[in-house]
Amino acid sequence: PIILDFLQQYPKVTVHFIVEDHFIDPVGHEVDMIIHITEKPVEGLVAKVLGTNRLVLCASHEYLNEHGYPTEPEELANHQCIRLGESTFDRKWEFRKDQTIRSVSVDGRLAVNHTHIRKDAVLRGMGISIFPQFSIAKLVRSGAVVELFPEWEILSRYQGKIVAQYPQSRFIPNQLKVLEDFLQSR
């Protein structure tokens, strides 16, 4: 959505936006900028931190009223958990609070690596899922979904710094600088 806001504010700029779940080499793939969530930006590229992302565990009131409210991470083993399904590691959800780490084996009827589909399934009362905070914040604020275990940090590669990176160069196009500033402001 931020890219769409950018295009509306700068109508003479053209954007070819590619969304991938794996790393794209900006030089090898001939792209101007990559934006990814990482704690270790790629060496040799300019790195600008745009913000941070944490993960949020959510369920609908409908689901929780029917299946009960889990009070500890271990209880998720008895719930319908909507996983990413990208690897066998997606069946283990890890949580940290202070010095305590809990690893929970989860399962459910649905595994899908698309945030909007998982969000729709949660809204339909089909289970509990993990989301990037920026993708679910409005639904949490509105009360459409409930954040579970806010005192626990979810351990995953999909949280951390949101970083824009691009090749080092003496000449950086003005559009790239304006986009970087726009993204940082949001």
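Note that this is a predicted model, so its numbers are computed, not measured.

1. Examining the sheet that holds strand β8 (residues 145-148)
Piece 1. Taken together, the 4 strands give an open sheet; going across it, the order is β4-β7-β3-β8, and neighbouring strands pair in mixed fashion. Each of the sheet's edge strands pairs with one partner strand only, and the pair in question is β4 (81-82) and β8.
Piece 2. The sheet strands contacting helix α3 (residues 115-123) are β3 (55-60), β4, β7 (128-132) and β8, and the helix crosses β7 at an angle near 140°.

2. Description of the packing of aromatic side chains
Piece 1. By the definition in use, this model includes 4 aromatic pairs.
Piece 2. Arranged with centres 6.0 Å apart and planes meeting at 90°, the rings of F95 and F149 form a pair that is edge-to-face. Residue F95 is located in strand β5 (residues 92-97), and its partner F149 is located in the loop between β8 and β9 (153-155); the two are separated by 54 residues in the primary sequence. In terms of burial, F95 and F149 fall into one category: buried.
Piece 3. By way of ring pairs, the aromatic residues F6, Y10 and F182 are connected into one cluster.

3. Quick notes on helix α5 (residues 174-185)
Piece 1. The terminal C-alpha atoms of α5 lie 17 Å apart, and with 12 residues this matches the ideal 16 Å at 1.5 Å per residue to within 8%.
Piece 2. Every buried residue belonging to α5 is among L176, L179, E180, F182 and L183, and all of these are buried. For α5, the buried positions fall inside an angular range of 165° around the axis, keeping them on one side. Exposed and facing more than 90 degrees away from the buried side of α5 are N174 and S185.
Piece 3. Tucked inside the fold, the buried residues of α5 contact α1 (2-9), β1 (34-38), β2 (45-53) and β10 (160-167).

The rules behind these values
- Residues numbered from 1 in each chain as written.
- Predicted model: local features only at pLDDT ≥ 70, side-chain atom pairs only at ≥ 80, totals over all residues.
- Heavy atoms only, no water.
- Pairing = 2+ DSSP bridges.
- Helix = DSSP H or I, 4+ residues; strand = E, 2+ residues; numbered from the N terminus.
- Contact = heavy atoms within 4.5 Å.
- Axes fitted to C-alpha atoms, helices over the stretch in contact; angles between N-to-C directions.
- Phe/Tyr/Trp six-rings, centres within 6.5 Å; stacked < 30°, edge-to-face > 60°.
- Buried < 20%, exposed > 50% of the residue type's maximum accessible area, 1.4 Å probe, protein only.
- Expected span 1.5 Å × (residues − 1).
- Arc of directions from axis to C-beta.

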